[in-house]
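# Chain and residue survey
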Amino acid sequence: MAAVRRQKANETVFDKSLPSKSKPEVNISTFAFLFSEVVQYNQQRVTSLAQLHEKLADLGRHVGFRMIDLLCVRDRAPKRETRIVNILWFIQKTVWKTLFGKEADRLEQATATEATYYLFEDEPLVNKFVSVPKEQSSFNCAAFMAGTVEAFLCGVQFPCRVKAFLVKEQTTTAFEITFEDSVIERDKRLEANK
Amino acid sequence: MTSYFVIVGHQDNPIFELDLSRTQDSGGANESRRHLNQFVAHASLDLVDEAKWQSGALYLKTVDRFNELIVTAFVTASQMRFLLVHDSSVRGQESIRAFFNDVYELFIKAILNPFYVPNTYIVSNNFKKKVQIVAKKHGVAL
């Protein structure tokens, strides 16, 4: 018989412990089904691909913002990251692992401008069962993940824009992270004071 | 006898406010004391912003003083600033740190609510009650 956990009369969400590290994983097919419905729902409510990207990113922002503090207290020694590279590593490793069960594949800095970084993911979870029609080849569901990353970085006060696009025969997704100038300036100042 | 707790958001807006002082003094004085607490908390924000990039620690200890009032700060990973304006009747840095840590956990539970809009006031009564309980537990409420 399935054990039903009955809620006590006065118990609120504040009496329960935080969702723990021991992964409460969601079935991939369940996730894919839900996500496909999300995409279809939004697709009917937009007139352009850019709008669809924006809508998916908005949903991702909800996730990103809520991950910040949760991941911070799950850490054995909670701390705030103050440097750009450290926070990007944190995203590549910890955030990706929690959300997608694996680390992001590569992290690179653009050679032309110091404010731009690229995060590469070879098989984005959200794209696993997605096939994009030829006439909309610039569409990428990973806009959802870009929104997550953006909300995370903006939340920890590294304001930036994040864009997702496909590279290499449409399999790998790159997330282009462009920080605002103030972030770069602050990072330089912290570097100098070290 | 002062103890005033506030959570300050990204646009220097209050996310949550709670007066933890015993309210035995009469109306008028009480009112101006409350305003002073807000004023002192607001004035310390610049110092908190300066201190928070100097270290990666969440708990920043005492950041500012105004006459007998002491401002102790805690900055979360999401850059929410927890401030406690208090005088020497609140005992010990360690109990304040423990209070902040407990509130941080409650705060996370509050913002994990999918209906909560980031950077807006937390109106939950349950949250307020819980903060009062942990404040009493750590001797931060007077």
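In what follows, the structure referred to is the one given above.
Note that the structure is predicted; figures quoted are calculated from it, not measured. (Residues numbered from 1 in each chain as written. Chains lettered and ligands numbered in written order. Predicted model: local features only at pLDDT ≥ 70, side-chain atom pairs only at ≥ 80, totals over all residues. Heavy atoms only, no water.)

### A word on the sheet that holds strand S4 (residues 172–179) of chain A
All names here are of chain A. If you walk across this open sheet you meet the four strands as S1-S2-S4-S3, and the pairing is antiparallel. Two strands bound the open sheet, and with one partner strand each, they are strand S1 (106–109) and strand S3 (160–167). On average, each strand axis in the sheet is inclined to that of its neighbour by 20°, with strand direction left out of account. With four bridges connecting them, S1 and strand S2 (residues 116–121) associate as antiparallel partners. (Pairing = 2+ DSSP bridges. Helix = DSSP H or I, 4+ residues; strand = E, 2+ residues; numbered from the N terminus. Axes fitted to C-alpha atoms, helices over the stretch in contact; angles between N-to-C directions.)

### Some points on the interface of chain A and chain B
Chain A puts 27 residues into the contact, and the matching count from chain B is 30 residues. Roughly 2600 Å² is buried in total at the junction of chain A and chain B, and carbon and sulfur atoms are behind 64% of that figure. Area buried by chain A at its contact with chain B is led by Phe14(A), Arg66(A) and Arg80(A), which between them contribute 34% of it. Our count for the contact surface shared by chain A and chain B stands at one salt bridge. For the salt bridge of Lys130(B) with Asp15(A), the shortest nitrogen-to-oxygen distance reads 2.6 Å. (Contact = heavy atoms within 4.5 Å. Buried area = accessible area lost by both parts, 1.4 Å probe. Salt bridge = Lys/Arg side-chain N within 4 Å of Asp/Glu carboxyl O.)

### Section: helix H4 (residues 125–137) of chain B
All names here are of chain B. An ideal rise of 1.5 Å per residue puts 18 Å on 13 residues; H4 measures up with 18 Å between its terminal C-alpha atoms. Buried residues along H4 sit in contact with strand S1 (3–8), strand S2 (14–19) and helix H3 (93–111). Two or three places before Asn 126, at the start of H4, stands the capping residue Ser 124, its side-chain oxygen 3.3 Å from that residue's backbone nitrogen. After H4 finishes, the residue Gly 139 shows a positive phi value of roughly 70°. (Expected span 1.5 Å × (residues − 1). Polar contact = N/O pair within 3.5 Å; in protein donor to acceptor, adjacent residues only side chain to side chain.)

From the geometry alone we can't say anything about function, so treat these as descriptive.
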